[in-house]
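Listed below, chain by chain, are the residues.
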Amino acid sequence: MTTLFYLAGILAVVATLFAVTRRHAVHALLYLIVSLLAVAVDFFALGAPFVAALEVMIYAGAIMVLFVFVVMMLNLAEHAMEVERAWLKPQSWLGPALLALILLVELAYGTATSPSALSPTNSIGPKQVGVALFGSYWIGVELASLLLMAGLVGAFHLGRHAIAKEGEHHVTSTDATRTDTRSDLVHAGSGGTSHAA
Amino acid sequence: MMAKFLPLLVIAVVLFVVLNLAAGLIWVERRLLALWQDRYGPNRVGPFGLGQIVADSIKLFTKEDWIPPFADKPVFVLAPAIVVATALISFAVVPFAPGFVIADLNVGILFLLAMSSLGVYSVVLAGWSSNNKYSLLGGIRASAQMMSYEVFMGLALLGVVILAGSFRLTDIVEAQRGMWFVIPQFLGFILFLIAGVAETRRLPFDLAEAESELIAGFHSEYSGMKFGMFFVGEYIGVILISATIALLFFGGWLGPVLPPAFWFGAKTMFFICLFILFRAGLPRPRFDQLMSWGWKVLLPLALINLLVTGAVVLARR
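Residues numbered from 1 in each chain as written. Chains lettered and ligands numbered in written order. Predicted model: local features only at pLDDT ≥ 70, side-chain atom pairs only at ≥ 80, totals over all residues. Heavy atoms only, no water.

1. So, the overall build of chain A
Piece 1. Across its full length, chain A carries 7 helices and 0 strands.
Piece 2. Here chain A, with 197 residues, has 20% of them falling under the buried criterion.
Piece 3. Carbon and sulfur atoms make up 73% of the accessible area of chain A, which totals about 14400 Å². (Helix = DSSP H or I, 4+ residues; strand = E, 2+ residues; numbered from the N terminus. Buried < 20%, exposed > 50% of the residue type's maximum accessible area, 1.4 Å probe, protein only. Areas by Shrake-Rupley, 256 points an atom, 1.4 Å probe, with all protein chains shown as cover.)

Set out below in structure tokens:
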């Protein structure tokens, strides 16, 4: 299990690096999905199969599908890759990378020196997760559901607004074209050849 | 020594059975469709036309495997592999008989749902990487459809989970000794059946490939064995959903006299035939009808089913 954990961990880090550095949006998303799957394997190796399954279902299976969906709809082409290329110059990522490296070293030092709280022998089943979630952490669950509800209502409002606006706009634009064609007809008719009549 | 090799043996048997059944289903489907449409179907090659399976696979393997120059090559090649891989991995948690299961996870149902939600990528990525507007439309339809139907697919199963008190598939089957879950969870069964058909993208929910409007949609550009992978992947998906229905609602391997594996196989086969009957008998809905049906009718029904089941279980305790 320990080897599995470290293998999946390395995979997650490498995949995430690729996700950041790929210029092509869909390829980057694919690496991000691999990274999420690797994190799920890590959860499984740590004895949390329920969280691992949720990670695959919700992050890799639902949220990332939405991301891919949006990228597909936008159909980012060569132009976007050029922009990415300009953004990924060494001078723009060298500074943050150095600072992050310092953090990583501190983190590694901290975890290496502190006693491990890891007990991979006992696996946390779905029942225990449920009891904890709706027992001692129920206020968190309620707050999260409130937030999601607000998001849902907001999205619904924005979507409705856009559709109403679009419909209005659509009507006026077709009206405009209709009058245009009419004026064209009139113009052609006045030119002498009366096809319209 | 034996204990070490037993899981490998189980894996080999499961792979052998599932892959052969998936190939055989191509023949079964064509014969059954023909039967319901008053014609013969493929009956020329070998006894009952069974040689048609071999002929079809030789044809698929020897066809020119062409990748369009405008396609995104790595993703184009990856996409058909995902559908077969996720469907086959799902069989890891399916118990064929007591003790005959590869990995009896305590989150079995969630594993099934997770794998089926990953299966969406194959269609979406195939549609996108083909770089063809019909394929892209198919991919977009598939992602919207599968996202919407996955939600209440999971919710429809939760009634069963409440009754059995476990996500583990063997526990769920054992909990049905007294009564199959199809009786207390009839609504859940209907909802899961609809979601299952949508999840495998079979008619009447095959809007992602709708040949009359999208000329095969997401796999327009695929040929040879890459197309064959989508084809076989679809049948593996059908077997998987049928097996899941048999396990969750019809008591899996439970049954009198005959060996458990027979009962499981017979129940699974019944639902596979039902899938084919759906294809023979039902027209395809419009896409907006499909979406509004999913969100406005089926999702609330699944939620009500879950609420009522929970309330009844709590009241009877």
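2. What to know about the side chain of Thr 244 of chain B
Residues and elements named next belong to chain B.
Piece 1. Assignment of secondary structure puts Thr 244 in helix 9 (residues 224–249).
Piece 2. Look at Thr 244 and you get buried, because its relative accessible area is 5%.
Piece 3. Among all residues touching Thr 244, those that are not within four sequence positions of it are Leu 112 and Phe 192. (Contact = heavy atoms within 4.5 Å.)

3. Concerning the environment of Leu 110 of chain B
Piece 1. With respect to the element layout, Leu 110 of chain B can be found in helix 4 (residues 108–129).
Piece 2. Overall, Leu 110 of chain B belongs to the buried group, its relative accessible area being 7%.
Piece 3. It is 9.9 Å that separates the C-alpha atoms of Leu 110 of chain B and Leu 157 of chain B, two residues lying 47 residues apart in sequence.
Piece 4. Beyond its immediate chain neighbours, meaning those up to four positions away, Leu 110 of chain B contacts Phe 50, Ala 53 and Met 57 of chain A together with Phe 167 of chain B.

4. Regarding the interface of chain A and chain B
Piece 1. Contacts between the two partners involve 26 residues from chain A and, on the opposite side, 25 residues from chain B.
Piece 2. The three residues of chain A that bury the most area against chain B are Met 57, Val 65 and Met 72 of chain A, which together make up 28% of that side's buried surface.
Piece 3. The interface formed by chain A and chain B contains 0 salt bridges.
Piece 4. Linking chain A to chain B there are 2 residue pairs in polar contact (both at pLDDT 80 or more).
Piece 5. Of all the secondary-structure elements, those providing two or more residues to the side of chain A that touches chain B are helix 2 (25–45), helix 3 (49–74) and helix 6 (126–134) of chain A.
Piece 6. Per-element tally for the side of chain A that touches chain B: the top contributor is helix 3 of chain A, with 15 residues. (Buried area = accessible area lost by both parts, 1.4 Å probe. Salt bridge = Lys/Arg side-chain N within 4 Å of Asp/Glu carboxyl O. Polar contact = N/O pair within 3.5 Å; in protein donor to acceptor, adjacent residues only side chain to side chain.)

5. Some words on the pattern of salt bridges
Oppositely charged side chains may form a pair once their charged atoms are brought near each other.
Residues and elements named next belong to chain B.
Piece 1. Applying the stated rule across the entire model yields 6 salt bridges over all chains.
Piece 2. The residue Glu 29 makes a salt bridge to Arg 279 at a minimum N-O spacing of 3.0 Å. Within this pair, whereas Glu 29 is found in helix 1 (residues 2–36), its partner Arg 279 is found in helix 10 (residues 260–281), the two being separated by 250 residues in sequence.
Piece 3. A salt bridge links Asp 65 to Lys 226; the nearest nitrogen and oxygen atoms lie 2.8 Å apart. Highlighted residues: Asp 65 in the loop between helix 2 (51–62) and helix 3 (73–90) and Lys 226 in helix 9, separated in sequence by 161 residues.

6. Some points on the nonpolar core
Piece 1. One finds Phe 91, Ile 109, Tyr 121, Leu 125, Ile 245 and Phe 249 of chain B to be the most contacted residues of the largest nonpolar core, which totals 114 residues.
Piece 2. Sorting elements by how many residues they give to this core places helix 4 of chain B first, with 15 residues.
Piece 3. The contacts of Tyr 121 of chain B, once residues within four sequence positions are left out, are Ile 33, Ala 60, Gly 61, Met 64, Val 65 and Val 68 of chain A together with Ile 82 and Ala 126 of chain B. (Core = buried A, V, L, I, M, F, W, Y, C linked by side-chain atoms within 4.5 Å.)

7. Considerations on the packing of helix 3 of chain B against helix 9 of chain B
All names here are of chain B.
Piece 1. For the pair helix 3 and helix 9, the least separation of the axes is 9 Å and the interaxial angle reads 20 degrees. When the interaxial angle is binned, helix 3 and helix 9 end up roughly parallel. Here helix 3 runs over helix 9; the crossing is left-handed. Two secondary-structure elements touch here, helix 3 through Phe 76, Val 77, Ala 79, Pro 80, Ala 81, Val 83, Val 84, Ala 87, Leu 88 and Ser 90 and helix 9 through Lys 226, Met 229, Phe 230, Gly 233, Ile 236, Gly 237 and Leu 240.
Piece 2. For the contact of helix 3 with helix 9, a count of residues per class yields 13 nonpolar, 3 polar and 1 charged. (Axes fitted to C-alpha atoms, helices over the stretch in contact; angles between N-to-C directions. Parallel < 35°, antiparallel > 145°, perpendicular 65-115°, else oblique. Left-handed = near helix turned anticlockwise from the far one by under 90°. Nonpolar A, V, L, I, M, F, W, Y, C, P; charged D, E, K, R; others polar.)

8. Here we look at helix 3 of chain B
Piece 1. When the terminal C-alpha atoms of helix 3 of chain B are compared, their 27 Å separation across 18 residues agrees well with the 26 Å that a helix rising 1.5 Å per residue should span.
Piece 2. Bending of helix 3 of chain B peaks at approximately 25 degrees at the position of Ala 81 of chain B.
Piece 3. Along helix 3 of chain B, the residues classified as buried are Val 75, Phe 76, Ala 79, Pro 80, Ile 82, Val 83, Val 84, Thr 86, Ala 87 and Ser 90 of chain B.
Piece 4. As for helix 3 of chain B, its buried residues are in contact with helix 2 of chain A together with helix 4 and helix 9 of chain B. (Expected span 1.5 Å × (residues − 1). Bend = angle between axes of the 7 residues up to and from the residue.)

9. Observations regarding the confidence of the model for chain A
Parts of the model with low pLDDT should not have their predicted coordinates read in detail.
Residues and elements named next belong to chain A.
Piece 1. Counting all residues, the mean pLDDT for chain A is 76, and 76% of those residues have values of 70 or more.
Piece 2. The lowest-confidence element of chain A is helix 7 (residues 138–190), averaging 67 in pLDDT; the highest-confidence one is helix 2, averaging 87.
Piece 3. Here residues 171–197 is modelled with pLDDT under 50, and outside its nearest four sequence neighbours on either side it reaches 2 contacts, counting other chains as well. (pLDDT = per-residue confidence, 0-100.)

10. Digging into helix 1 (residues 2–21) of chain A
Residues and elements named next belong to chain A.
Piece 1. Between its first and last C-alpha atoms helix 1 spans 29 Å; for 20 residues at 1.5 Å apiece the expected length is 28 Å, and the two agree.
Piece 2. Within the sequence span of helix 1, burial applies to Ala 8, Gly 9, Ala 12, Ala 15 and Ala 19. One face of helix 1 carries all of its buried residues, which in axial projection span an arc of 140 degrees. Residues of helix 1 that are exposed and point more than 90 degrees away from the buried face comprise Thr 2, Thr 3, Tyr 6, Leu 7, Ile 10, Val 13 and Leu 17.
Piece 3. Check the buried side of helix 1 and you find it contacts helix 2. (Arc of directions from axis to C-beta.)

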